[in-house]
Amino acid sequence: MDNGAIDDVDRAILYALQEDARNTSSGDIAERTGTSDSTVRKRIRRLESDGVIKGYSASVDYQRSGYPLRMLLYCTASIPERGELVSDVLDINGVVSVQELVTGEQNLLVTVVGESDDDITPVAQALLDMGVTVADEVLVRTHETTPFGEFDVGRRGGEAGGDEGSD
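Report follows, based on the coordinates. Just so we're clear, the structure is a prediction, and the values are computed from it rather than from any experiment. For every chain, the first residue of the written sequence is number 1, and numbering continues from 1 along that sequence. The predicted origin of the model limits local features to residues at a pLDDT of at least 70 and limits the giving and counting of side-chain atom pairs to 80 or more, whereas totals for whole chains, interfaces and linings rest on all residues. Excluding hydrogens and water, the side-chain values take into account all heavy atoms of the structure.

A word on the overall build of the protein chain. Only runs of H or I of at least four residues qualify as helices and only runs of E of at least two qualify as strands under DSSP, and these elements are numbered from the N terminus. Helix and strand content of the protein chain: 6 helices and 4 strands. Taken from the N to the C terminus, the helices and strands of the protein chain come in the order α-α-α-β-α-β-β-α-β-α. Each residue's exposure class comes from its accessible area (1.4 Å probe, protein chains only) as a fraction of the maximum for that residue type: buried when under 20%, exposed when over 50%, partly exposed otherwise. A buried classification covers 34% of the 167 residues belonging to the protein chain. Whether two residues are in contact is decided by their heavy atoms, any of which lying within 4.5 Å being enough. Considering only residue pairs separated by 6 or more positions, the protein chain has 68% of its internal contacts joining residues 24 or more positions apart.

Moving on to the pattern of salt bridges. Should the charged atoms of two oppositely charged side chains come close, the side chains can pair. Every case where a carboxyl oxygen of Asp or Glu lies within 4 Å of a side-chain nitrogen of Lys or Arg is listed as a salt bridge. As enumerated under the stated definition, the model contains 8 salt bridges in all. The salt bridge involving Arg 43 is made with Asp 7; its shortest N-O contact spans 2.8 Å. Of the two residues, Arg 43 is situated in helix α3 (residues 37-49) and Asp 7 in the segment before α1 (8-20); the sequence distance between them amounts to 36 residues. The exposure class assigned to Arg 43 is buried, which follows from its relative accessible area of 2%. The partner of Arg 64 in a salt bridge is Asp 61, with the nearest N and O atoms 3.7 Å apart. For Asp 61, a relative accessible area of 39% corresponds to the partly exposed category. Counted as one network, the salt bridges with shared partners bring together Asp 7, Asp 10, Arg 43 and Arg 46.

Pairs were defined over the aromatic rings of Phe, Tyr and Trp, the Trp ring being its six-membered one, requiring ring centres within 6.5 Å. Orientation was assigned from the angle between planes: stacked under 30 degrees, edge-to-face over 60, tilted for the rest. By the definition in use, this model includes 1 aromatic pair. An angle of 85° between the planes, with centres 5.1 Å apart, marks the rings of Phe 148 and Phe 151 as edge-to-face.

Our focus in this paragraph is helix α4 (residues 79-90). Here α4 has its buried residues at Arg 82, Leu 85, Val 86 and Val 89. Take α4 and look down its axis: the buried residues cluster within an arc of 135°, on one side only. Facing away from the buried side of α4 by more than 90 degrees, the exposed set consists of Pro 80 and Glu 84. Contact partners of the buried residues in α4: β2 (95-100), β3 (108-114) and α5 (117-129). Each C-beta atom gives one direction from the helix axis, and the arc is the one those directions make.

Glancing now at the packing of α1 against α3. In a pair of packed helices, the angle between the axes and the distance between the axes together describe the arrangement. Look at α1 against α3: their axes get within 10 Å of each other, and the N-to-C directions meet at 80°. Classed by the angle they form, the pair α1 and α3 counts as roughly perpendicular. Across the interface between the two elements, Val 9, Asp 10, Ile 13, Leu 14 and Leu 17 from α1 touch Val 40, Arg 43, Ile 44, Arg 46 and Leu 47 from α3. Lys, Arg, Asp and Glu make up the charged group, whereas Ala, Val, Leu, Ile, Met, Phe, Trp, Tyr, Cys and Pro make up the nonpolar group; the residues left over, Gly among them, are polar. Its residues assigned to classes, the contact of α1 with α3 shows 7 nonpolar, no polar and 3 charged. Lines fitted to C-alpha atoms define the axes here, with helix axes fitted over just the stretch in contact, and angles between the N-to-C directions of these axes take values from 0 to 180 degrees. Should an angle fall under 35 degrees it is called roughly parallel, over 145 degrees roughly antiparallel, and 65 to 115 degrees roughly perpendicular, with every other angle called oblique.

Next comes the structure, spelled out in structure tokens:
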């Protein structure tokens, strides 16, 4: 699916799911979008099958769950290998996310959580063993997210309502 195929109803669905997928029903979204419950369910299934919605996950407060350290490791990997390394890096205990960066010398951003420095050090060693250099480490105090504003049809000024029969 390309961006042109995502309309205001899809955007409103994506925004609602980003706000609170667990407590938002297809009926709630239908009410917000002016469509039917079945249309919303069909749209969600299509967005999932097209890979726009990659999955659903819990937002965990690692500090409150006993892991007070969140480190960002800015790393450098060989350009031909960096994309292939992402899944291997995610397999390292303590790593919670990896981002492939396409500009700058540091081309992988690895997020690690742990109870102490003793939890972070083995991650850095595992990266070195893979041929990845840790160029910089940043300790994160807080991390908050918000739904992408361009999916909020109300903020964009458009109307999400559409044809009841459209999928």
